[in-house]
Amino acid sequence: MCTTCGCGDTELVPVELHEKILAGNDRAAAHNREHFRESGVLALNIMGSPGSGKTAVLEATARVVNGVRLGAVSADLATDNDARRLEKAGIPSKAITTGQACHLDAELVHRSLHDFPWRGLDVFFIENVGNLVCPAIYDLGQEANVVALSVTEGEDKPLKYPVMFQKADLVLVTKVDLVPHLDIDLARLEDSLRRVMPDPKVLRVSARTGEGMGAWKAWLEEKRAPILRGKPKEPPMHEHAHTHQHVHEHEHSHGGTKHTHPHSHEHVHSHEHAGSQETHQHGGGEHGHEGSGHEHEH
Amino acid sequence: MHEYSLVEALIRRVEEEARRRSAIAVHGLKVSLGELAGVDPELFQTAFETFRQGTVCEKAALEVVHYPARWECPRCGKAFGRGDILRCEPCSEPARLTPQSDALLLDAIDMEIP
């Protein structure tokens, strides 16, 4: 009712929300991430075009990591072929058949965990649907995004699909054994990456010859280390650590009331100034802030 | 075609808010869309037209505010746009994406409340 005079007319009320449309997915992803970290599992979201070599790289990974326990869920619109290939390569795997969906979301990943023994793993690969567009915007709870880009796809792919590459923590340039047979210019490809990724991490690999697989293995080890120490958000230490403080405000609503929680946290981080290769991950945006009103299905 | 699942999430959220406030109709929605949100604006609009049938958004106007992709040097503030090398050479710092560049937000709902 109109509160000014009580005349009974309806009122037009603007309601300001400023909420992420994917807030629901992000909550489910945060929940997955918590599970993975608690169990010391490095979860990686593996993305790339159909045929970019995602499955082949994982198969080859099984050949080079000794004693690291790998596991995978593999998303596909219609078949479980990839999961079967991975099983054959010695990676316990499960297929997620997405039907019409062109991407995985956090809820699908969560459901896939229920009857899969992921807790005992060291590295858990989430092989996304082959697609350079849709999967990019869905957080699954992974520690890092790995994008496979094959040398047959052309040097300008990153410029055409900036969203995907901008989200990549690592780009695996795959099938490099084919380079002598192609006109591809890898320098141009890497130039394209620098125009969509501020701090690109790129490894050239061949699942077929094993080229670059050592560097990929080293990258996996580097990502695993902080998780094993239980501090996934701290980059590797160096000589001059410095401390700084971030204050964040979180706005969210629980069943009716909307409020903000300002909170501050300090973190020490450090970095080597040796070159341009390092990655920086400041825990800035995420810190597992769970309100009491969130519901989780188990 | 994930625009359909985004619109579904959007409408579900609006319906929830409308229920909570006992709204009888929703007249408008305001959405922020960054260039790097990974959303095709036309598909998003089409998906909205399709999904709003029979929902509280049936007659709601969808206003989309677009933001271009932009990066900044975290040290000197130099701006970078699409196609640039995203690194500030003088500062030897990788540029940082501005928050609006990949925004995908439900900003506001205009509701009719009895």
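This write-up is about the structure you can find in this document. Computed from a predicted structure; not experimentally measured.

### Quick word on the nonpolar core
For soluble globular proteins, the rule of thumb is that nonpolar side chains tend to be buried together.
(1) Moving on: By size, the foremost hydrophobic cluster in this structure holds 94 residues, and its most contacted members are Ile126 of chain A together with Val26 of chain B.
(2) Moving on: The element contributing the most residues to this core is helix α1 (residues 3-20) of chain B, with six residues.

### Examining the interface of chain B and chain A
(1) Moving on: Every contact between the two is made by 33 residues of chain B and, on the other side, 30 residues of chain A.
(2) Moving on: Looking at the side of chain B that touches chain A, the elements with two or more residues in it are α1, β7 (96-97) and β8 (104-113) of chain B.
(3) Moving on: Element by element, the count of residues in the side of chain B that touches chain A is highest for β8 of chain B, at ten residues.
(4) Moving on: Residue composition of the side of chain B that touches chain A, grouped by class: 21 nonpolar, four polar and eight charged.
(5) Moving on: Sheet topology note: the strand β1 (residues 11-20) of chain A/β8 of chain B ladder contains eight bridges and is antiparallel. Note on β8 of chain B: the bridge partner recorded for proline 14 of chain A is aspartate 110 of chain B.

### A word on the sheet that holds strand β4 (residues 79-80) of chain B
Strand pairing in a sheet is mediated by backbone hydrogen bonds. Such pairs are either parallel or antiparallel.
Residue and element names in this part refer to chain B.
(1) Moving on: Across the sheet, three strands lie side by side as β4-β3-β7; this open sheet has antiparallel pairing. Each of the sheet's edge strands pairs with one partner strand only, and the pair in question is β4 and β7.
(2) Moving on: The pairing of strand β3 (residues 71-72) with β4 spans two bridges and is antiparallel. Residue pairing in the sheet places tryptophan 71 in a bridge with phenylalanine 80 of β4.

### Observations concerning the packing of helix α1 (residues 23-38) of chain A against helix α4 (residues 106-113) of chain A
Residues and elements named next belong to chain A.
(1) Moving on: Between α1 and α4, the least distance of the axes is 8 Å, while the angle of their chain directions is 35°. Crossing angle aside, the handedness with which α1 passes α4 is left-handed. For the pair α1 and α4, the contacting residues are Asn25, Ala28, Ala29, His31 and Asn32 in the first and Ala106, Glu107, Val109 and His110 in the second.
(2) Moving on: A per-class count over the contact of α1 with α4 returns four nonpolar, four polar and one charged.

### Some details on the sheet that holds β1 of chain A
(1) Moving on: Taken in spatial order, the four strands of this open sheet run β1(A)-β8(B)-β1(B)-β2(B), and their pairing is mixed. On the outer flanks of this sheet lie β1 of chain A together with β2 (61-67) of chain B, each paired with one strand and no other. Across the sheet, the mean angle from the axis of one strand to that of its neighbour is 15°, orientation sign disregarded.
(2) Moving on: Where strand β1 (residues 25-34) of chain B and β2 of chain B come together, seven bridges link them in parallel fashion. Paired with glycine 28 of chain B across the strands is alanine 61 of chain B, a residue of β2 of chain B.
(3) Moving on: Across the sheet, α1 of chain B touches β1 of chain A together with β1 and β8 of chain B, and the angle it forms with β8 of chain B is around 40°.

### With respect to the environment of tyrosine 161 of chain A
Residue and element names in this part refer to chain A.
(1) Moving on: With respect to the helices, strands and loops of the structure, tyrosine 161 is situated in the loop between α5 (157-160) and α6 (162-166).
(2) Moving on: Taking the C-alpha atoms as reference points, tyrosine 161 and alanine 136, separated by 25 residues in sequence, lie 9.8 Å from one another.
(3) Moving on: Not counting residues up to four positions away in its chain, the partners in contact with tyrosine 161 are Leu132 and Val133.

### Focus on α1 of chain B
Residue and element names in this part refer to chain B.
(1) Moving on: Here α1 contains 18 residues, and its C-alpha end-to-end distance of 26 Å stays within 8% of the 26 Å for a straight helix at 1.5 Å per residue.
(2) Moving on: Among all positions in α1, only Glu3, Leu6, Val7, Leu10, Ile11, Val14 and Ala18 are buried. Along α1, the residues classed as buried sweep out an arc of 130° about the axis, all on the same side. Structural note: α1 exposes Glu8, Glu16, Arg19 and Arg20 on the side pointing more than 90 degrees away from its buried face.
(3) Moving on: The first or second residue beyond α1 is serine 22, which carries a positive phi of 50°.

Cut-offs applied
Residues numbered from 1 in each chain as written. Chains lettered and ligands numbered in written order. Predicted model: local features only at pLDDT ≥ 70, side-chain atom pairs only at ≥ 80, totals over all residues. Core = buried A, V, L, I, M, F, W, Y, C linked by C-beta atoms within 7 Å. Buried ≥ 20, exposed ≤ 12 C-beta atoms within 10 Å, placed from the backbone. Helix = DSSP H or I, 4+ residues; strand = E, 2+ residues; numbered from the N terminus. Contact = placed C-beta atoms within 7 Å. Nonpolar A, V, L, I, M, F, W, Y, C, P; charged D, E, K, R; others polar. Pairing = 2+ DSSP bridges. Axes fitted to C-alpha atoms, helices over the stretch in contact; angles between N-to-C directions. Left-handed = near helix turned anticlockwise from the far one by under 90°. Expected span 1.5 Å × (residues − 1). Arc of directions from axis to C-beta.

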